[in-house]
Amino acid sequence: MKQPVFTGAGVAIITPMYEDGTVNFDELARLIDDQIAHETDAIVICGTTGECATLTDEEHLACIEVAVKTAAGRVPVIAGTGSNDTDHACAMTAKAAEIGADAALLVTPYYNKTSQAGLVAHFTTVAEAGGIPAILYNVPSRTGVNITPETAKKLSEHPLICGIKEASGNIAQVARIAALCGDALTLYSGNDDQIVPLMALGGKGVISVVSNVAPQLVHNCCAAWLDGKIDLARKLQLEMLPLCEAMFCDVNPIPVKYAMNKLGWMAGECRLPLVAPDEAKQAHIDETLQAYSLV
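Residues numbered from 1 in each chain as written. Predicted model: local features only at pLDDT ≥ 70, side-chain atom pairs only at ≥ 80, totals over all residues. Heavy atoms only, no water.

Q: Would you mind showing me how to read the overall build of the protein chain here?
A: Scanning the protein chain from terminus to terminus reveals 13 helices and 8 strands. Against the 2.2 N^0.38 benchmark of 19 Å for 295 residues, the protein chain shows a C-alpha radius of gyration of 18 Å, consistent with a compact globule. Counting across all 295 residues of the protein chain, residues that qualify as buried make up 55%. Contacts in the protein chain between residues at least 24 apart in sequence constitute 71% of all its contacts with a sequence separation of at least 6. Taken together, the 19 basic and 34 acidic charged side chains of the protein chain have centroids lying 6 Å from each other. (Helix = DSSP H or I, 4+ residues; strand = E, 2+ residues; numbered from the N terminus. Rg over C-alpha atoms; globule rule 2.2 N^0.38 Å. Buried < 20%, exposed > 50% of the residue type's maximum accessible area, 1.4 Å probe, protein only. Contact = heavy atoms within 4.5 Å. Lys, Arg positive; Asp, Glu negative; His and termini not counted. Charge placed at Lys NZ, Arg CZ, Asp CG, Glu CD.)

Q: Explain helix α2 (residues 57-71) to me, please; I cannot follow it from the model alone.
A: Note: α-helices contain 3.6 residues per turn, so residues at a spacing of three or four share the same orientation. With 15 residues, α2 ought to run about 21 Å at 1.5 Å a step, and its terminal C-alpha atoms sit 21 Å apart, in line with that. Of all the residues in α2, the buried ones are E59, H60, L61, C63, I64, V66, A67, V68, T70 and A71. Turning to α2, the residues buried within the fold contact α1 (25-37), β2 (42-45), β3 (77-80) and α3 (86-99). Of the residues trailing α2, A72 is marked for its positive phi of about 50°. (Expected span 1.5 Å × (residues − 1).)

Q: Where do I start with the packing of α2 against α3 in this structure?
A: How two helices pack is summed up by the angle between their axes together with the distance between the axes. At a minimum axis distance of 10 Å, the contact between α2 and α3 shows a crossing angle of 30°. Taken together, the axes of α2 and α3 are roughly parallel relative to one another. The two elements α2 and α3 meet at a crossing, and its hand is right-handed. Of α3, the residues touching α2 (which contributes D57, H60, L61, I64, E65 and V68) are H88, M92, K95, A96 and I99. (Axes fitted to C-alpha atoms, helices over the stretch in contact; angles between N-to-C directions. Parallel < 35°, antiparallel > 145°, perpendicular 65-115°, else oblique. Left-handed = near helix turned anticlockwise from the far one by under 90°.)

Q: What's the story with the packing of aromatic side chains in this structure? I'm lost.
A: Two aromatic rings are characterised by how far apart their centres lie and by the angle between their planes. Throughout the structure, instances matching the rule amount to 1 aromatic pair. In this arrangement the basic side chain of K165 is found over the ring face of Y137, its NZ or CZ atom lying 4.0 Å from the centre. (Phe/Tyr/Trp six-rings, centres within 6.5 Å; stacked < 30°, edge-to-face > 60°. Lys NZ or Arg CZ within 6 Å of the ring centre and 35° of its normal.)

Q: What is the right way to read the pattern of salt bridges from this model?
A: Side chains carrying opposite charge are able to pair once their charged atoms draw close together. Within the structure shown, the criterion is met by 11 salt bridges. The salt bridge involving K262 is made with D286; its shortest N-O contact spans 3.9 Å. Of this pair, K262 sits in helix α12 (residues 254-262) while D286 sits in helix α13 (residues 279-291), and the two are 24 residues apart along the sequence. For K262, a relative accessible area of 43% corresponds to the partly exposed category. (Salt bridge = Lys/Arg side-chain N within 4 Å of Asp/Glu carboxyl O.)

Q: How should the pairing of strand β7 (residues 186-189) be read in this particular structure?
A: Every regular strand shows the same layout, with side chains that alternate between the two sheet faces. Burial along β7 is two-sided: T186 and Y188 facing one way and L187 and S189 facing the other are all buried. As paired elements, strand β6 (residues 161-166) and β7 share 4 bridges and run parallel to each other. What sits directly across from G163, in β7, is T186. With helix α7 (residues 171-181) bridging β6 and the parallel β7, this β-α-β connection has right-handed handedness. In terms of strand pairing, β7 meets strand β8 (residues 205-208) through 2 bridges, oriented parallel. (Pairing = 2+ DSSP bridges. Right-handed = clockwise from strand over helix to strand, strands pointing away.)

Q: Can you walk me through the nonpolar core in this structure?
A: Generally speaking, nonpolar side chains in soluble globular proteins are found buried as a group. Of all hydrophobic cores here, the largest spans 83 residues; its most connected members are I45, I64 and V213. Of all the elements, α2 adds the most residues to this core, at 7 residues. The contact partners of I64, leaving out residues within four places of it in the chain, are I45, C46, A79, T81, A96, I99 and A101. Within the second largest apolar cluster, 16 residues are counted, among which are V5, V44, Y137 and I207. (Core = buried A, V, L, I, M, F, W, Y, C linked by side-chain atoms within 4.5 Å.)

Q: I would appreciate a short explanation of the packing of helix α4 (residues 116-130) against helix α6 (residues 149-156) in the present structure.
A: Relative to each other, α4 and α6 sit at 30°, their axes nearing to 10 Å. It follows that α4 is roughly parallel to α6 by the angle criterion. In this structure, the crossing between α4 and α6 has a hand that is right-handed. Residue-level contacts link Q116, L119, V120, F123 and T124 of α4 to T151, K154 and L155 of α6. Per-class residue counts for the contact of α4 with α6 are 4 nonpolar, 3 polar and 1 charged. (Nonpolar A, V, L, I, M, F, W, Y, C, P; charged D, E, K, R; others polar.)

Q: Please explain the pairing of β2 as it appears in this structure.
A: Both faces of β2 are covered, namely the face carrying A42 and V44 and the face carrying I43 and I45. Where strand β1 (residues 8-12) meets β2, 3 bridges bridge the pair, whose relative direction is parallel. Along β2, the bridge assignment pairs V11 with I43. The parallel pair β1 and β2 is bridged by α1, and the resulting crossover is right-handed. With α2 bridging β2 and the parallel β3, this β-α-β connection has right-handed handedness.

Quick look at the structure:
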C-alpha cells in the first residue's frame, strides 16, 4: 500500500501577476498562507490553473520555491512539472525535487501525444528522474490523449507513481482504475463538480480550482466524506455546483483569475493567448460570487 501524498482538498493555485505581466511572488506567498489558514490540505503549484504553459523555466522554479518556503512543511507542495518533452519534464521534476517539493504532478504529453506504451515509458522516465512521488494528470480534453485504466494499472506498479488526478470526466473509467489499481494509485478528482462521486469510488480528495475562491467549502466537503459524514459531503457538493459552473464558464484559469481580482487579491490578468472573460461571463461570475457572499 502506498501512502497518499495528501488527502482532502489540494488547491490548484493561480499564479498572480503584476500589471506588466511579471509574476507577483509576494502575492503568491500571501495566497498560500491564506489557503493554509482556510484548511486547504495541499498546494499544487504551476499546474494548468497556475498558467504553467506560459511561465518561463526560471519563473516556474521560482514559484515552486516560494510555495515550498511559504508552506514550510505545514501542507505538502505538489509541483506541476509535466511536459510533452520527456527530457524537459525530467529536468524540471529533478529541479523541483531539489527545491523541496513533496511530489510532482505530471500531465500527459500534449500535441505530439503518444501511444499507451509511450505513456508508460514517459512517466516512468520522469518519475525516476525526479525521485519524488509522482501524481499522473489525466486531462484528455486539453492534451488529446487519455490514460487508459490498463495503463494506469501498469504505471501504479512503479514505486514512485502513487496517484492520479482524473479529469477525464468519465466516471466509468474512474471506477475501472479504482478496481484495477486499488491502494497502489491514489485517486484525486480533477473536476470540482465530481468530488463526491469520485470519492465514493475510493478517491482521497480533489485537486481543485474552486478552492482558490472558496477553500474552506471544498476542504469541508472532502473532510465530511473522509469522516463518514456522507449526507453532509453530498450537501456541500451540491451547494458548490453553481460556483463550479461559474469557475468554468470560460477556459480555465480565465474565470478564477477574474474572480480572485474581484475578491480583492492582486491576481492580475492571464497571459496571452488567454484574455479576460466577456461582459456576460463577468456578470455571471459577479452574480455567483455575490450569491455565495464572497463579495
